[in-house]
Amino acid sequence: MAEDATNQEGKEGTKQDEEAKPLLPVDMCYSYEELHSKPFITPDSNLPENLLFLSHSFGYDCGRRANLQLLDDRTLVFIAGQVLILLDVCTKEQTYLRSCSGGGIGAIAVSNTKEYLVVGEKGRKPILVVFKYPSLQAYRILRDGTDLAFSSVNFNSDESLLASLGSAPDYMLTVWNWRQEEVMLRCKAISQEVYRVTFSPFNPGLLTTSGSGHIKFWKMASTFTGLKLEGLIGHFGKTAATDIEGYIELPDGKVLSGSNWGNLLLWDGNAIKVELCSRGGNCCHAGVAQPFALEDGQLMTFGADGMIRGWDFETIDAADSSSENSKFEMEPVNELLVGRNVNLYSVVKSSQQDSNIWFAQDSNGGIWKVDLSFTYSTPDPVCLFSYHAGAINGLDVSKSSHLMATTSQDRSVRVFDFLAKMELTSNRFSQGGTALHWAPPSVNQSGSLLVTGFEDGVVRLLELYDPAGLQIVTRQKVGAQLRLKQALKPHNESVTTVAYECNGTVLATGSSDCTVFFFTVGEKYEPIGFVCVPGPVHLLVWSPESYKEKTLLILCLSGHVVEVPCPDPEALQDAKSYQLLDLPRKSFRFKSIKSRIRREEEIARRLELKEKRRKEREKNEILDDEEEEEEEEELPRIYIPDPPCPLYWGFFSQPGQFWLSLGGYDSGFLYHCKFSEKQDENSEKCPVEPFAYLEIHNADKNPICSITFSSNRQLMLFGMHSGSIRVYPLDADDHALTSMQAYWELSTHDSNYGHLRHICCSYDDQFVVTAGDDGNIFSFSMLSSEELQKELEKKKAMVPEPRAGLENEALAKDIDDPSAYSIETAKQKLEKDLQRKEADRKILAKRKELAALQNEFKILLDDNQNLPKHIQLTPMELLLDQRFEEQAEKERTRRLDEVQYQMSWREEHSHLSLKKLKDWFIGSEESNIITVFAIHTDHSVSTYHISSLSSTREDQASFSKSDETTLVERHKSRPDSEKDSSETDEEESPPPVTRPPVQAVDRHIERLQKAAEKAEQARAKIAKRKQEWDQLYAEKPHKDCEDPQDVQAISEAKENIGDLKLKTDKNFTVPKHLRMSGAKKKVEMINLENNIREKQTEMNKEIVALRDAKLLLLSTLGTQTKLLQRIQSRLPSQLHCQPPPLPTIRIEEVPEKSLQCSRTLLERYRDLTEKRLKDGELEDQESRMSVVDELEKELKGVEEVDNIEYMSTEETAGNETQELSEEEFDNMDQDMLSDMQDFLLEQMTSSLAQFDKEHLMCLQKVQMLDWMLKLANLRQLTLYQELLLLKEVDKSEKILQDKLDKRLKEEDQLMSDLEKCRKALELKRKDITKRQEKEKACTASFHALLGDDNHFEEYLTKVYKKKIKRSKKKEDGSDEEDEDSNDDFDDFENWDDDDDEDWEGLDGDAGVEECPIGCEQKLFDDVLELRERRLDLEEQLAEEKKSAEQLEKECDSIVKKMKSVKISLKAAEDDLELVNREKQQKMNQLDVVVPLRLHQIEIGVSGQVPSDLSPALVLTRTELKRLEERVNELVVEKHQQTEVYRQARQQHIRLIKERKDMSNDILSLEKLCHQLMMTRFGREVDMEVLQTLCGNKTAAEMKQEKILRDAANAKDIAQWDKKVQHAREGLMEMTRSNTDRLRCLNSLYEQKKEMEMKLYTRQKKIGKHLQACSMRADRSQIWSLQELVRRQSEEIDRLSTEIIHLGTGGGHMLPSGHTHLPPLPPLSFPTVNKMANNKDHFDSV
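Here is a short report on the structure shown in this document. (Residues numbered from 1 in each chain as written. Predicted model: local features only at pLDDT ≥ 70, side-chain atom pairs only at ≥ 80, totals over all residues. Heavy atoms only, no water.)

### Focus on the pattern of salt bridges
Applying the stated criterion to the full structure yields 66 salt bridges. The shortest N-O distance in the salt bridge between R1430 and E1434 comes to 2.8 Å. Within this pair, R1430 and its partner E1434 are both found in helix α22 (residues 1417-1484), separated by four residues, close to a single helical turn. Through salt bridges with shared partners, a single ionic network connects K594, R598, E601, E695 and D700. (Salt bridge = Lys/Arg side-chain N within 4 Å of Asp/Glu carboxyl O. Helix = DSSP H or I, 4+ residues; strand = E, 2+ residues; numbered from the N terminus.)

Dropping the structure here:
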């Protein structure tokens, strides 16, 4: 309802605007120079606006959605931060359009005709700007479309509407009438992120949006209140919800979308119809899949796996799924791998007609050109441009040249020449780059060394050189190369920063593993050691060269700053670890002061406000006690962020002091800090406040991410978190930054995620380069345009020359394994290995010593044994320590516990085995037969024995079903031949040749080129129209073809009529769907058997329920018997009644009791077994079975006892609650007891009778089921006989069926080959037609080249038509040369006579090939070129005709083969039909039992039952009635068909008459066209050739002259405009001065009025006293004052008159409400001093 209300309000508002707002002019445009954003400059700072020029962009935001569009065949457009880049694919030149809002660009889109480009901005209330292309004029501006940013925009198919989507927080969907800058409809799309919006290309009233976890379908519905947007959210149903990046609308209204897991979702309405996947349940793509086009019957998709696949559209459109998972499997028709490690994100198609070229955006940093023609000659995809993927992690510039190097997480290191605007080289490594530094000249004089850090902790030294300087010549011309010089691994985690000491003697590397490693700089870098710091290292800063002590400032993300001195490389000692524990350090931990600063500012603001109010009260003389006291708000609290804010940047100000920039809460300031003088262990833990700070304007939520200085430190450059560059001019040697006031700021990178973390100045301060997290890299020039042009004349930067002998050096060994040991880890491991070796050596020595002692002990034992017994030592005496024996006892106990644990497992295993045996033999009720006996009769009913199906039987059933499915599929109609989607590449038509102009004017050449382009467009339109005609003629049905509806009706009739013969007829043909096989018969038997089992199982359940009811009845009767006995014990004997006899439970009714074993039984079995063992009789399995038999005999006598026990337990368990106490019995009298006795007897008798009744009903059901089972058994017997018969025939039938399948496959293959051949022939014929058209176009170009009234027309025509002998290209040797010469000779023989006659006037070949005098040489050369082109076309035409003839022959041979295959196919079908007929006849001979009663037999002929029923046909009454009704239906259908035939006949006659009329109309139009041509041209001309003419020379020259005059007039108009503007400025200045005078006059009038009021008040107060005083005043003074007032009045009148005169000359007039000042009244008080003062005031005015 809220959306509807919004729509209604928007619609009403739109109507009012339409009524009030006039239409915008079609040619209205805006000024781009006034629209685009400009840099912010501090007011009154005199900073130039053009401080930095955008020179070039080296990056690409490849992770942005749909960040690639195509404006024409060679111009790509994409977003780069705050700039829109138009990239020329051929020249690689860039054109820039800046953002208009300054907040960035959110989305772009291009219209279908490529005439308009729409740009959606970012920022507060962003706008949509529509640019014209190629003029790039701002055509329309659309406002109030969203709050913060646009996420997607899209034109509809006819470019009349524009849809836009806003991002958070409003997610507003708006439909614009953009040409009038009006909102048509708007509505909130959804409350989560939306990625895309599009119009349906097939239905302009439908839109689709998709985004995070949703897709929504919109309709512009027309209601009684007008248009409104109606949206339906897509329901995923059983499919998991997914983000939908891409989708495509289908012609029938369905939508096909992608998914995160790679499958395609087909939406019908707002629900998923089916999920499309590949064969075997595999995903269509690995990763995110997006459909993007529907062309030539193929639906194209691309995925994150770099694959582009084409799927058959008809299969997708008809896809449906009946399975539970709603998946439909299919295979792609075509597929193309764009490249490895390619993640496709969006694609755009070339604007050329019938082009298969696409441009693809790779989110891994590339732009690809892809040909999707899918032919054998299709070229491989080409990567046009390669960029960094993702955020730039490292950037630095050369200290001696205009070179810069970058690295990123995409594992590449790239070197750019930002002077030549090109990439020089790039190297890719195994891990992503995280830091980069260009070695200073003090380290490498040539500037060729780069230090790069990677995420696995490896530091690589890369050497840049120019390969042209090597002695070894390389094949490829490469501007520069990177070579690995050395690889080190100092860290275990990513390297975050590297820095050289100012003198170049030490290299320091920092890492996120909280360590800083130092290396000596030399030919080979050697490790010095490392120090540990409190947090992950973010930045390393060495002290400047001017400082005495060389120290390193280490900035950590945790807010710690550590300063360590430079370690001495020579003082390195041979230690066990590289950790420099003795290196002194200073520590500082930042403490936030921002909240205190804000608190002090608030206090100062309140004090100032109080002081201001106090002054106002004093001025107005208001007493303090009368003013109400205001309650002051609470001051802001002191806030310390926890965890601390990260440190972003820092630098030295002087020794021991430094500036810091922080992010998070503490942003907006530069903090001046210093180390404390007392450094102890708590320095790293105790936070310290900075001693000074500097507030940065407009940076409270926009922290400084990077800082750099120019070489002379007069410019300080900031890289801001919002992606902007900020430049501060500084004074020389201003380390305290006191001069940092004014600044210049320009937004460059994306304002949301393009944090500018790297900014550098070139070595000569002429360029500034930046890199951000959005992947963009910009270079800016600090030069003016003239100086920049001079600098660009150098063309490229200097690449360092290679070192001497570099080509002979071996490549350095790289560290590719991420798990490789770091330097410290390797040293520690080496130390541990040494310790382990020493320990192993000691263990070996101890073992040798123990072995020697053991040998010595054995010798002692032997000596002890040899001694006499009385002097031998006992074992206890030999035992050295009792603890040894205790240890052995513990070992023995442990082993016993282990054995018990193993035995417990075996015990559990035995229990489980017993349980399984019980479940197998006892658990199933179907295996036991239960017999239930009646109580008063001898009737009994038993359960059926149901044997379980074996696994082989079940497998056989499933196999039979699959076999049946195979047979059904085998008899289906043959599939259609596959469509061949191969298309030949169309050659481009020859470019039109224009006659050279008379004057060499650039504008004239441009006009002629435009005329040629128009002619080319006319040719394209003609070709398109011809193609449409060809398509219409191709769709035209043949004159002998039949109506498809009639064909379908005939086929349905053939299928439904069938063969009405009986199966016993010899000519009976078995329909294909009724043909029986062994597999089908097996399935039928199994289904019958399953049905029998189901019926038996149901009956068994009823019998078991009857048995349970009997058991419950016995329990109840037992309880009642006990109660009856208690009652009769209290009654006299003559009142006793005999109770009914109690039934008993037999063993057949509870067979499961016989299989239960008690403990007594098991003990008895054990006793018998032990007895037999003692007697020695239990030797084999038979003796064991005899023990079981003996035990069963002993158990027979105890069965009744068990029954009694069983019943007693049931009795006690069931009816304990019905017993009465003795007191209740004693309270009853004799009559009550007698009545109770009668009630119990009656209840017992009725219970027994009810059970017998239920038993009888169950018995009847069993008998009926027995009868049905007997019939089923007869049916089984019949089926088995049929199965035996079918098995005999199946073998021969299978052979014939295979033969038939083989013929069918051959026919399908031939049909496919024929179709391909015919398509190829059709393409050849089209090519022949195109060659002929090109030949005609060539001739037309020749005539256009000659023009009108050419004196050499006849001579040049003969030159053009001459056939010369041309030698073909030598390819395979002299044989081919001879053949070519023969072919050329044949060409000479085939010359036409007319051509020979044309050459009679020529003297010879020499004269022909020379340019005649007076003829322009260029014209003659163009004629020769056209002749060569004509001869080429003739040769190509002859080759095409030869290949077409070969294809025709091939088609004829295939047709002949098909005829023979059809004959053999017909023979195979006849053989198979004969076998089926014989099989049916054999099956007819089998006897089938059908039980019938006499009342079921009815003879419809004579009415009497004959003695012989064999010729009778058995039918049901329903079938007989249906046949009788069908007779009447056929009569009605016959009349209907007759009427249809009559109407069709009349329609046929009418169509013939209309065709004749149309033919006459065509003839009359042709005559009229002939007459008009003769009237206009005097002859019949080819209109197509006329349309393709380039234009004549005279008109072009006149147009050129007109353009020149227009330019001169425009110049004069511009000069006059300047003069008018100057005059307007003068008028404005005069108006401004007049306005100042009017203001002055107004203030004087107000002062006068105020003075009069004061005077009047004073006169009132003074009263009579003043009147008396005034009478005595000096009249001379009063007169002088009156004179003064009179003069002032005259002066006022004069000024008013002057103002009026000035107003009539263009100045501003006073409003009508203002009148002239009235004259002053006479003054009657003697205030002379004040009047004098006022006079002075008036004089000054």
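### A look at the sheet that holds strand β45 (residues 551-556)
If you walk across this open sheet you meet the four strands as β44-β45-β46-β47, and the pairing is antiparallel. The open sheet has two free edges, formed respectively by β44 (537-542) and β47 (586-589), since each of these has just one partner strand. The average undirected angle you get between the axes of adjacent strands in this sheet is 15°. Relative to β45, β44 runs antiparallel, the two being bridged by five bridges. Its bridge partner being in β45, L539 is matched across the sheet by L555. (Pairing = 2+ DSSP bridges. Axes fitted to C-alpha atoms, helices over the stretch in contact; angles between N-to-C directions.)

### Examining the packing of aromatic side chains
Within this structure, the stated rule accounts for 32 aromatic pairs. With centroids separated by 5.3 Å and ring planes inclined at 40°, the aromatic side chains of F40 and Y743 adopt a geometry described as tilted. Of this pair, F40 sits in strand β1 (residues 40-41) while Y743 is found in the loop between β54 (724-729) and β55 (744-747), placing the two residues 703 residues apart along the sequence. Among the residues examined, F40 registers a relative accessible area of 38% and is labelled partly exposed. Ring centres of F517 and F519 lie 5.1 Å apart, and the angle between their planes is 25°; on these two criteria the pair is classed as stacked. According to the relative accessible area criterion, F519 is buried, its value standing at 0%. What links up through ring pairs into an aromatic cluster is the set F40, F718, Y728 and Y743. Its end group placed over the ring of Y743, R726 keeps NZ or CZ at 4.3 Å from the ring centre. Lying over the aromatic face of F933, R1146 brings its terminal NZ or CZ to 4.0 Å of the ring centre. (Phe/Tyr/Trp six-rings, centres within 6.5 Å; stacked < 30°, edge-to-face > 60°. Buried < 20%, exposed > 50% of the residue type's maximum accessible area, 1.4 Å probe, protein only. Lys NZ or Arg CZ within 6 Å of the ring centre and 35° of its normal.)

### As for the pairing of strand β21 (residues 264-268)
Burial within β21 is extensive, with four of its five residues counted as buried. Looking at chain direction, strand β20 (residues 255-257) and β21 are connected through three bridges and run antiparallel. If you follow V255 over to β21, its bridge partner there is W267. Taking the residues between adjacent antiparallel strands as the criterion, β20 and β21 are bridged by six residues, where G262 takes a positive phi near 105°. One ladder, built from five bridges, connects β21 with strand β22 (residues 271-277); its direction is antiparallel. By the bridge assignment, L266 is partnered in β22 with V274. Two successive antiparallel strands, β21 and β22, enclose a turn made up of two residues, where G269 displays a positive phi of approximately 75°.

### Some remarks on the environment of M720
Looking at where M720 falls in the secondary structure, it is placed in strand β53 (residues 715-720). Distance in space between the C-alpha atoms of M720 and N702 is 6.5 Å, their sequence separation being 18 residues. With sequence-adjacent residues up to four places away left out, M720 is seen in contact with A699, N702, P703, I704, C705, R726, E745, H755 and L756. (Contact = heavy atoms within 4.5 Å.)

### Digging into unusual backbone geometry
The omega torsion of the bond from A168 to P169 falls at 10°, within 30 degrees of zero and hence cis. For P169, the position within the fold is in the loop between β12 (162-166) and β13 (172-177). In this chain, D642 is followed by P643 through a cis amide linkage whose omega measures 5°. As for its placement among the helices and strands, P643 is situated in the loop between α4 (594-620) and β48 (647-654). Unlike most non-glycine residues, K114 shows phi in positive territory, near 60°. Topologically, K114 is positioned in the loop between β7 (105-110) and β8 (116-121).

### Side note on the sheet that holds β55
Spatially, five strands are ordered β1-β55-β54-β53-β52 in an open sheet, and the strand pairing comes out antiparallel. Among the strands making up the open sheet, the edge pair consists of β1 and β52 (704-709). Here β1 pairs with β55 via two bridges, running antiparallel. Bridge pairing in β55 links I41 to W744.

### Let's talk about the pairing of strand β36 (residues 433-438)
Among the six residues of β36, six are classified as buried, and the element is accordingly described as predominantly covered. For β36 and strand β37 (residues 449-454), the ladder comprises five bridges, and the chain directions are antiparallel. Residue pairing in the sheet places W438 in a bridge with L450 of β37.

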